[in-house]
Amino acid sequence: MLSYGLRRLGLAAVITALALIILISMIQMIPGDPAAVLLGPLATPETREAFRVQMGLDQPAVVQIARFFGRVLTGDLGTDVLTKRPVLTTVMEQMPFTLWLIFFSIGWSAALGIPLGCWSAISRGSWADRIIGILSVGTIALPSFVVAIYGLLLFSVALGWFPTIGAGEPGDPLDQLWHLVLPSLAVGLGWVGYLARMVRASMLEVLSENHIRMARAFGLKEATITYRYALKIAIIPTVVLLGIGVGNMISGAVFAEIVFARPGVGRLIFDAIATRNYPVVMGGVMITTIFYVLSTLCADLFAAWLDPRVRTSL
Amino acid sequence: MLGTKLTRRQALGAMAAAGLSAGLYPKVALSQDGKILKVRSYGDITGLDPAFRSGAPEDDVMRNIFPGLATMGPGTEWKWQLDSAVKLEQTDPTHIAFTLMDGLKWSDGEPVTADDVKYSFERFLDPKLEAVYKGDWEALDHVEVIDEKSGVIVLKEAFPPLWNVGLVYGSGRIIPRKATEAMGGRFENTPPAQCGRYFIKEWLPKQRLVLAKNPDWPGEPGAFEEIHIRPIDDEKTGELALESGDIDYTWLSVSSIPRYRQTPPKGGKIEVRPSLAYVWLGMNQEMKPFDQPEVRRAVQHAIDVPTVLEAAYFGAATPATGLIAPGLLGHRAKNIYGYDPDKAREFLAQAGLQGGFECTIDILNKAERIAAAQAVQANLAEVGINATIRQYDSGTFWTIGDEKAGDIWKTIGIQINRFSMQPDPSFATDWFTPEQIGIWNWERWNNPEYGELNKKAKVETDTAKRHDMYVKMQDLMEESGSYVFLTHEAVGIGYSDKIAPALMPNGTPIFYGFKPA
């Protein structure tokens, strides 16, 4: 297990470095002059030139990337060119809001999707199975932004149950939770169907295996067979999927943060790209890439712990 | 286990209680006692130093936390009013005398002095500071301090725009000399000291900025105890937040204005104000075939402006007659060239292009700009011109005409653009001079007469003469063939019927002037 963990960790480091180099190179290739965008029309050519030098934009892209990695090694992600605050502070200030949104979304979707998938599998061919199947495909097909906008119109504007904007009153966890409901509905709804379909398929495969038939032959209760023997194995691919899902939800969080005017690292990066605030883009991308790689790493390690066969491959 | 067993009745009861609290909680959390004003800003603040502010979100905050000698007043006509001065008087074309009101005090306890005024204005000219807004004070020679409260602003030459831009907007805000110098001569989002009707109580990036009433303000105080400014990028989200009661004030998207005119938001009101901004279609004179005057004139005649505006603004915007909006000095009564497709075809034939030609229309990827470009594209197709629309994100679009930012400027044919504006004509005309070619003059129109007029009009003190000069400049622009003036747009504002907003003629909010209805 330790050997597998170390190998997996090494691979994660390589993936992180490669992803960052590709992403940062892409940023450098985007047309548009940050000095013009950030300083606005009133800035003189001299002011713009001074700004380019100050940001290091007068240097070749390779030098800029090398400088960035050099600074990262010392724990410095640079300075936000708009607010002049450290990028690390800016990103870490926004990260908790995104993490809350992601974990809340994945949490409720797993809590609903996994039992629905189990139920669907054990009642295969029944009306319940068909209804869950239709609903699952329906939620997968429904675009998240449609859920977000209709959620806002129905639950905020028409019924007034939930707030439309923001992340809640600082220091009031209940209010913050309340502000999470609609965004997490939008981000997580598709995952309910996705997880239900995934668990159903895994469960059906496991339920047809010999050891399950043997358990039935021994006269064990159906509930015991389902939850103690079948689900334990069937859940493994779902756990891996959840790891990837957590990382993927960062991109899903961007639209939720914009539509619901929530703070968050997705919106931060989105705004920073629009204003060509490169240090924030690079710092934000780095932190989210690391988060993504770590979440998939944790999922892989957890899967390896559950199923030793996984450890034989990288 | 038996002790914790949940009966069906208990479960139903718990669910009902949870449902009830779900329904009640937000109302408790969002309940207001009328002391807090919640408003939308289109973005978060980025820098509160008057010399380096980046847009309206900063201006809207600075107006509340820094005093100025004068400010633009609310209403439907552009006129300045005293802010923290009891006297502000132009004694001759190059001297403006001022006296600050008594009792003005910075948040660090220091008094606001004439020396602070001197420091605040003269620092714009400090070459080391590289102030982005130094143009606002380009005519300033120095500020003479007479005593603690009085002084004289001495100009190098007469400069009328000072009264419409420099003195009354962000560049006219006074900052504390001692505290700012102690911070190295400039600051970002943490002002060294504040003095206004409000002060910043809390700033949570990307969440909100809270302004609290300043109990030490010697003038008329603000009506609300706190003002919560929420950065909401998306206009539609702002509208929904207004409808649900989460905010009391927002700008509306242009596309929503007709709908709200028919059905105002529940518990809210809307107002539509004329914008100062100007939207125009420009042609690059150095790009073939627009280097031929006949081709440019053909395009001018090919564009049916009312139809373009109907498509882009749903009837909420009216056609423009130049760069300068109605109500401002320099506003032109009418255009010279209008929609006439037959004439357009004639001019194309004169240019030897009776079979039409291919070109591009460059635009920012905003909904109304895209719709306008599509309507223009249809107009051009009617006379045989086949245009392709190229959309850019804001980061790219604002640099396409800049020679130092790449090579896109070489490929610009037609572009539809929008510039924002302040209530002085010079703010609109500055960008089309020969010196601006390769920077903001994307049409690459080189007219020395226009450039000269622009310089002279800035220092002309005779209002009638100044008006005529700006009218002439717009005539020159249209005669060149490179410009089709489209619209000044319209500004939609939605607000709760529980408040009475204080708005400048173009809808710019003066938050400290908002009152309960």
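Reading the values: the criteria
- Residues numbered from 1 in each chain as written.
- Chains lettered and ligands numbered in written order.
- Predicted model: local features only at pLDDT ≥ 70, side-chain atom pairs only at ≥ 80, totals over all residues.
- Helix = DSSP H or I, 4+ residues; strand = E, 2+ residues; numbered from the N terminus.
- Rg over C-alpha atoms; globule rule 2.2 N^0.38 Å.
- Contact = placed C-beta atoms within 7 Å.
- Buried ≥ 20, exposed ≤ 12 C-beta atoms within 10 Å, placed from the backbone.
- Pairing = 2+ DSSP bridges.
- Axes fitted to C-alpha atoms, helices over the stretch in contact; angles between N-to-C directions.
- Left-handed = near helix turned anticlockwise from the far one by under 90°.
- Nonpolar A, V, L, I, M, F, W, Y, C, P; charged D, E, K, R; others polar.
- Domains from an automatic or database assignment.
- UniProt positions renumbered as here; feature names shortened; annotations may be inferred.
- Core = buried A, V, L, I, M, F, W, Y, C linked by C-beta atoms within 7 Å.

1. Observations regarding the overall build of chain B
Next up, step 1: Helix and strand counts for chain B stand at 15 helices and 20 strands.
Next up, step 2: Scaling as 2.2 N^0.38, a compact globule of 517 residues should have a C-alpha radius of gyration of about 24 Å, and chain B matches this with 26 Å.
Next up, step 3: Counting only C-alpha atoms, chain B reaches 90 × 75 × 40 Å along its principal axes.
Next up, step 4: Restricting the contact set of chain B to residue pairs at least 6 apart, pairs at least 24 apart contribute 67%.

2. So, the overall build of chain A
Next up, step 1: Secondary structure summary: chain A contains 12 helices and zero strands in total.
Next up, step 2: Referenced to the eigenvectors of the C-alpha coordinate spread, the extents of chain A come out at roughly 85 × 55 × 35 Å.
Next up, step 3: Each of the 314 residues in chain A was classed as buried or not, and the buried ones make up 44%.

3. Examining the sheet that holds strand β15 (residues 385-392) of chain B
Residues and elements named next belong to chain B.
Next up, step 1: The strand order β15-β14-β16-β13-β17 describes an open sheet built from five strands, whose pairing is mixed. Of all the strands in the sheet, the pair left with one neighbour each is β15 and β17 (483-487). For this sheet, the mean angle separating the axes of adjacent strands, direction not counted, is 25 degrees.
Next up, step 2: Examined bridge by bridge, strand β13 (residues 278-283) and β17 share four bridges and lie antiparallel to one another. Looking at β17, one finds that glycine 282 is bridged to tyrosine 483.
Next up, step 3: Contacting β13, β14 (357-364), β15, β16 (414-419) and β17, helix α11 (residues 367-382) crosses the sheet at an angle of about 165 degrees to β15.

4. Re the packing of helix α5 (residues 87-122) of chain A against helix α10 (residues 222-259) of chain A
Residues and elements named next belong to chain A.
Next up, step 1: Between α5 and α10, whose axes approach to 9 Å, the crossing angle comes to 145 degrees. The two elements α5 and α10 meet at a crossing, and its hand is right-handed. Contacts between α5 and α10 involve Thr98, Leu101, Ile102, Ser105, Ile106, Ala110, Ile114, Cys118 and Ile122 from the first element and Thr226, Leu231, Thr238, Leu242, Gly245, Val246, Met249, Ile250, Ala253 and Ala256 from the second.
Next up, step 2: Along the lines of polarity and charge, the residues of the contact of α5 with α10 split into 14 nonpolar, five polar and no charged.

5. Here's the deal with the domain arrangement of chain B
Next up, step 1: Looking at chain B, the domain boundaries give domain 1 (8-44 + 205-273 + 492-516), domain 2 (66-182) and domain 3 (278-487).
Next up, step 2: By residue class, the composition of the side of domain 1 of chain B that touches domain 2 of chain B is six nonpolar, two polar and one charged.

6. Topic: the interface of chain A and chain B
Next up, step 1: Counting residues at the interface gives 44 residues for chain A and 43 residues for chain B.
Next up, step 2: By residue number, the principal contributor to the side of chain A that touches chain B is helix α11 (residues 265-274) of chain A, which donates four residues.

7. A few points about the UniProt feature "transmembrane region" (unreviewed entry) in chain A
All names here are of chain A.
Next up, step 1: Summarizing the sequence annotation, UniProt attributes the feature "transmembrane region" (unreviewed entry) to residues 9-30, 97-119, 131-157, 177-196, 233-260 and 280-306 in the numbering used throughout.
Next up, step 2: Between the end C-alpha atoms of residues 97-119 there is a gap of 33 Å, over a span that is 100% helix and 0% strand.
Next up, step 3: End-to-end, the C-alpha atoms of residues 177-196 are 25 Å apart, and along that stretch the chain is 100% helix and 0% strand.

8. Considerations on the environment of Val137(A)
Residue and element names in this part refer to chain A.
Next up, step 1: Tracing the chain through its elements places valine 137 in helix α6 (residues 127-141).
Next up, step 2: A tally of 14 C-beta atoms within 10 Å means that valine 137 is categorised as partly exposed.
Next up, step 3: As for valine 137 and alanine 111, which are separated by 26 residues in sequence, their C-alpha atoms are 18 Å apart.

9. Some details on unusual backbone geometry
Residues and elements named next belong to chain B.
Next up, step 1: Cis peptide bonds are those with omega within 30 degrees of zero, and the linkage from lysine 288 to proline 289 qualifies with 0 degrees.
Next up, step 2: Along the polypeptide, proline 289 turns up in the loop between β13 and α8 (293-302).
Next up, step 3: Unusually for a residue other than glycine, glutamate 130 sits at a positive phi of about 55 degrees.
Next up, step 4: Structurally, glutamate 130 can be placed in the loop between α3 (114-122) and β6 (140-145).

10. Some words on the UniProt feature "domain: ABC transmembrane type-1" (unreviewed entry) in chain A
Next up, step 1: Listed under "domain: ABC transmembrane type-1" (unreviewed entry) in the UniProt record, and renumbered for this structure, are residues 95-303 of chain A.
Next up, step 2: When the span residues 95-303 of chain A is considered, its composition is 84% helix and 0% strand, and the gap between its end C-alpha atoms is 26 Å.

11. As for the pairing of strand β18 (residues 490-496) of chain B
All names here are of chain B.
Next up, step 1: Judged by how many residues are buried, β18 sits mostly within the fold: seven of seven residues are covered.
Next up, step 2: The two faces of β18 match: Ala490, Gly492, Gly494 and Ser496 on one face and Val491, Ile493 and Tyr495 on the other face are all buried.
Next up, step 3: Pairing between strand β11 (residues 249-252) and β18: four bridges, direction antiparallel. Bridging from a neighbouring strand, leucine 252 pairs with glycine 492 of β18.
Next up, step 4: Looking at chain direction, strand β12 (residues 268-274) and β18 are connected through seven bridges and run antiparallel. Residue pairing in the sheet places glutamate 271 in a bridge with isoleucine 493 of β18.

12. What about the nonpolar core?
Next up, step 1: Among the nonpolar cores identified, the biggest contains 202 residues, and Leu195(A), Met203(A), Val376(B) and Leu486(B) are the most heavily contacted of them.
Next up, step 2: Apart from the residues lying within four places of it in its own chain, the contact partners of Leu195(A) are Ser109(A), Ala110(A), Gly113(A), Ile114(A), Gly117(A) and Thr238(A).
Next up, step 3: Counting 17 residues, the second largest nonpolar core, distinct from the first, contains Val91(A), Val265(A), Ile269(A) and Ala272(A).

13. Quick word on the packing of helix α7 (residues 144-158) of chain A against helix α8 (residues 173-207) of chain A
Residue and element names in this part refer to chain A.
Next up, step 1: At their nearest, the axes of α7 and α8 sit 9 Å apart, and the two run at 145 degrees to each other. Between α7 and α8 the crossing geometry is right-handed. Contacts between α7 and α8 involve Ser144, Val147, Ala148, Gly151, Leu152, Phe155 and Ser156 on the former and, on the latter, Leu182, Leu185, Ala186, Val187, Leu189 and Gly190.

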